[in-house]
Amino acid sequence: MALIAEKYAEEIEGILKRFPDKKSAVLPLMHLAQQAYGHMSREAMQEVADILEISPTHVLALSGFYSLYYEEPVGKYVLEICNDLACALRGADEFVEMVCHKLGVPVDGTTADGLFTVKTVMCLGACDRAPMLQCNLKFEEHLDEEKFDQLIARLRAEAESGKEEPSVVEKIMAYAKS
Amino acid sequence: MAHILLRHRDIENIHELDVYLAHGGYEGLKKALSIQPDEVIEVVKKSGLRGRGGAGFPTGIKWGFIPKGPGEKYVIINTDESETGTFKDRELVEKNPHQVIEGALIAAYAIGARTIYNYFRGEYMDAAYRFEEALKACYERGLLGQNILGSDFSCDFYCHYGAGAYICGEETALINSLMGNLGQPWSKPPFPAIEGLYGKPTVVNNTETLANVPPILVNGPEWYTSMGTEKSPGVKIVCMSGHVERPGNYEVEMGVTYRQLIEMAGGMRNGRKFKALLPSGGSGPVITEEALDAPMTYEGLTPYGSVMGSSSVIVMDETTDMVWAALKMVHFFRHESCGKCTPCREGTFWMEKVLSRIYHGYGTERDLQILESVANQIGGRCLCALGDFAVNPVLSTIRHFFDEYKAKVSGAGQKQQATRETAVATAD
C-alpha cells in the first residue's frame, strides 16, 4: 500500500530534505504512518520501510522501542494519562480510576464503540498542571471530573459530526512542506 | 527583577520575531558574528555557564572540544525533556523560542556548524508550533539560511520529533535516535565532539543552556558571573511540583535555598508539614528537612548525598508513603531502561518486583536485603547514567525512611489493595 506516499507526499519530501541520510526520517514517517493506518500495522511498517529503503524488521524494532507507536489497534482517541510521581502527588492515580470507571474500560482498554483507549504513561512534562493527559498528542491540563466529562462530550460530538480536524502530528509535519 | 530566560512573562508576544527584535533580539548573534568563533567560546567559558540539563558540564569547554578547521559539524538542541518533574524547556520552546534559536545559532557559529537540529520529545509536538513558526520567520528575514545577517555564516535549522523514550535525553542515545536507530547510548569514547551525528563532530546542548547564551554575549561574562555563586554562576529555571501551593517554573539566581524555593511556590499545600523532596526529578537522591537550607547549586547538596541536576523539585508532604514514592520512581526507570546494559535492564526489573512486593505488604526482612543488594549491583556498571539514577530513589529512601520499609515488612502495615496497585502495575 502507498497510503502515506499519497496522502503526505509533500511532507515526506520535505522531511527527507532535512537529513543527509534518509534513515533519519524514520520516526517522523512512522508518526505519519500511524496517523494514516491507525496503528503500526504490518502494512504501515512495510510502507515506511519501502520509502526509506530499510528493513521492515528495523521499523518493527523501533515501534517496540518508542512508546508513542501503538503495536495494537487503538481507539479513535487515545487518552494517555500521566500518573508518574509528580502527577500522582496531585491525584493522578485517582483520576485514572475515575476515567476507567466512567468509560467502563481497564487501563489499555478500548471502549466498545471504538472511540476511546485509556493508557497510563510516564511523565509528560506538565507536572504543574496535574492531573493531565494527552489526547492524540494534544495536552489537556488541570483536569477534574467535570472537565473530563466536557472533554469526552466534545470528542463524542466531534466524532459524530464526522468533521476531521488536522491532528497534532499532521499540523507539525505540515511545517516540513516546501 | 526582570526575567532573563522566561522573558515572555515580562514581554507579551515575544515569540513573534518583531517583538523579539524590538527587545534586543538577535543582538547576541550580531555580537558573536562581529568577533572570531574562538572568542565566542572564550566568552562562554568565562561566563561559567554549565549544562542545564542536569549533568552541569561547562558549556564553553564542551564547545572547545570540537576540532577546528573545515568539515561538517552539527549542533543539536536537546528538547527531549523527559525527567519526571521537569517542564522548563517546554515553556521556553513554546513561549520564548527565538532566544533558544539565537543561542543555538551562536553555538553553531562558535564551532563552525552549518546545520542545527532541535530534537523535541514526540510528546512536545503540541508545544512546538510557535518554534516552527519562529524558524519560518527567521528564514524569511535572513536570520537563517545563506549568509546570515550579511555575514559569511550560513546555517540551516530543522526540528525533529522523537517518539517517547526518556533515554534519548542521553546525548549518544539522542544522536542514535536522530540517525534512525534505536535510542540507545554507545560506549564513549568516541565522544560526540569527535564522532557524533553521522560520525561528525557534534555539540548537544540542553534547551535552557542555549537560552542563556544570547544575554551572555550581549551583557558580557562578568555580568553573568555577578549572579549566582562563584562555582555555580547565573540563573536557573526551577520546576516546582508536588505538594506545593503553586507548582510551576520559577527563574532564580543559583544559590537560593530549597526552603526559599518552597516558599516561592506558595509553601506546602493545605498547610501540611514538609517530609521530603526530590531535587532532580526522579534521578537524584531524596533529601529531607536537614538539607532544606542548602543552596541550590551544582555543589550545594553534595554534603547531603544528593545533586541539583536539572533542578526539578518534587515536594512531598507528611502524608506521602515513601515506599510508594520509591516504587513510582523505580517503575519509571524500569519502563525507560533501554535494555542495552544487563545490570540496568534486569536490575530495574527486579527492583520494581521486590519493591512492589514490599509496598503491597507481602515483603519480608530478606526482601529489604535483596532490594539493597540488587541496587548496589547496578550503579556504576552501565554505559549511561540511567542505571545510577534508578538506584537513587531506592537507596536514598531506605537511608532516610528505613522505618517505613520496616513497618511494611513486619506486617504492621496493612496489605494494600487495588487503587494504587492497579495504577502502578498496569502502566506499560
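Placed above this text is the structure.
In short, a report on the structure. (Residues numbered from 1 in each chain as written. Chains lettered and ligands numbered in written order. Predicted model: local features only at pLDDT ≥ 70, side-chain atom pairs only at ≥ 80, totals over all residues. Heavy atoms only, no water.)

Topic: the nonpolar core
Line of reasoning, step 1. Ranked by size, the top nonpolar core spans 170 residues in total, and within it Y66 of chain A together with W63 and L105 of chain B carry the most contacts.
Line of reasoning, step 2. In this structure, this core is formed jointly by two domains, domain 1 (3-70) and domain 2 (77-161) of chain A, each of which donates at least three residues.
Line of reasoning, step 3. Dropping the residues within four chain positions of it, W63 of chain B is found in contact with V40, I41, V44, A107, A110, I111, V203, N205, L210 and V213 of chain B.
Line of reasoning, step 4. Within the second largest apolar cluster, 24 residues are counted, among which are V244, V252, L301 and M308 of chain B. (Core = buried A, V, L, I, M, F, W, Y, C linked by side-chain atoms within 4.5 Å. Buried < 20%, exposed > 50% of the residue type's maximum accessible area, 1.4 Å probe, protein only. Domains from an automatic or database assignment. Contact = heavy atoms within 4.5 Å.)

Describing the sheet that holds strand β5 (residues 235-242) of chain B
All names here are of chain B.
Line of reasoning, step 1. Overall, mixed pairing links the five strands, which are arranged β6-β5-β9-β7-β8 in an open sheet. Looking at the sheet topology across the chains shown, the edges are occupied by β6 (248-253) and β8 (287-288).
Line of reasoning, step 2. Note: β5 against β6, six bridges, orientation antiparallel. Pairing of M240 across the sheet is with G248, part of β6. (Pairing = 2+ DSSP bridges. Helix = DSSP H or I, 4+ residues; strand = E, 2+ residues; numbered from the N terminus.)

Let's talk about the environment of H400 of chain B
Residues and elements named next belong to chain B.
Line of reasoning, step 1. Tracing the backbone shows H400 in helix α15 (residues 386-400).
Line of reasoning, step 2. Note on H400: relative accessible area 24%, which makes it partly exposed.
Line of reasoning, step 3. Note: C-alpha distance between H400 and V330 (70 residues apart in sequence) is 17 Å.
Line of reasoning, step 4. When sequence neighbours within four positions are dropped, the list of residues in contact with H400 reads V286, T288 and E290.

Brief notes about the interface of chain A and chain B
Line of reasoning, step 1. Counting residues at the interface gives 51 residues for chain A, matched by 68 residues for chain B.
Line of reasoning, step 2. At the boundary of chain A with chain B, total buried surface from both sides reaches about 4800 Å², with 59% on carbon and sulfur atoms.
Line of reasoning, step 3. The tally of links from chain A across to chain B stands at two salt bridges.
Line of reasoning, step 4. Ionic pairing is found between E141 of chain A and R90 of chain B, a salt bridge with its closest N-O pair at 3.1 Å.
Line of reasoning, step 5. Only α3 (26-37), α5 (56-65), α6 (85-88), α7 (92-103), β4 (138-140) and α9 (168-173) of chain A provide two or more residues apiece to the side of chain A that touches chain B.
Line of reasoning, step 6. Here the element with the most residues in the side of chain A that touches chain B is α9 of chain A; it accounts for five residues.
Line of reasoning, step 7. Of the residues contributing to the side of chain A that touches chain B, the split by class is 28 nonpolar, eight polar and 15 charged. (Buried area = accessible area lost by both parts, 1.4 Å probe. Salt bridge = Lys/Arg side-chain N within 4 Å of Asp/Glu carboxyl O. Nonpolar A, V, L, I, M, F, W, Y, C, P; charged D, E, K, R; others polar.)

A few points about the packing of helix α6 (residues 97-111) of chain B against helix α9 (residues 207-219) of chain B
Angle between the axes and distance between the axes: these two values describe a pair of packed helices.
Residue and element names in this part refer to chain B.
Line of reasoning, step 1. Their axes nearest at 7 Å, the elements α6 and α9 cross at an angle of 80°. Classified by the interaxial angle, the pair formed by α6 and α9 is roughly perpendicular. Along its contact with α6, which presents Q99, V100, E102, G103, A104, I106 and A107, the element α9 presents T207, L210, A211, V213, P214, P215 and L217. (Axes fitted to C-alpha atoms, helices over the stretch in contact; angles between N-to-C directions. Parallel < 35°, antiparallel > 145°, perpendicular 65-115°, else oblique.)

A short note on the packing of aromatic side chains
Line of reasoning, step 1. In this structure the tally under the stated criterion is 19 aromatic pairs over all chains.
Line of reasoning, step 2. Here the aromatic rings of F120 of chain B and F131 of chain B are separated by 5.4 Å at their centres, their planes lie at 80°, and the arrangement is edge-to-face. Here F131 of chain B lies in helix α7 (residues 129-140) and F120 of chain B lies in strand β2 (residues 115-120), a separation of 11 residues in the sequence.
Line of reasoning, step 3. Through pairs of rings, three or more aromatic residues link up here, namely F19 of chain A together with Y74, Y117, Y158 and Y198 of chain B.
Line of reasoning, step 4. Geometry around Y298 of chain B places R50 of chain B over its ring, the cationic atom sitting 4.0 Å from the centre. (Phe/Tyr/Trp six-rings, centres within 6.5 Å; stacked < 30°, edge-to-face > 60°. Lys NZ or Arg CZ within 6 Å of the ring centre and 35° of its normal.)

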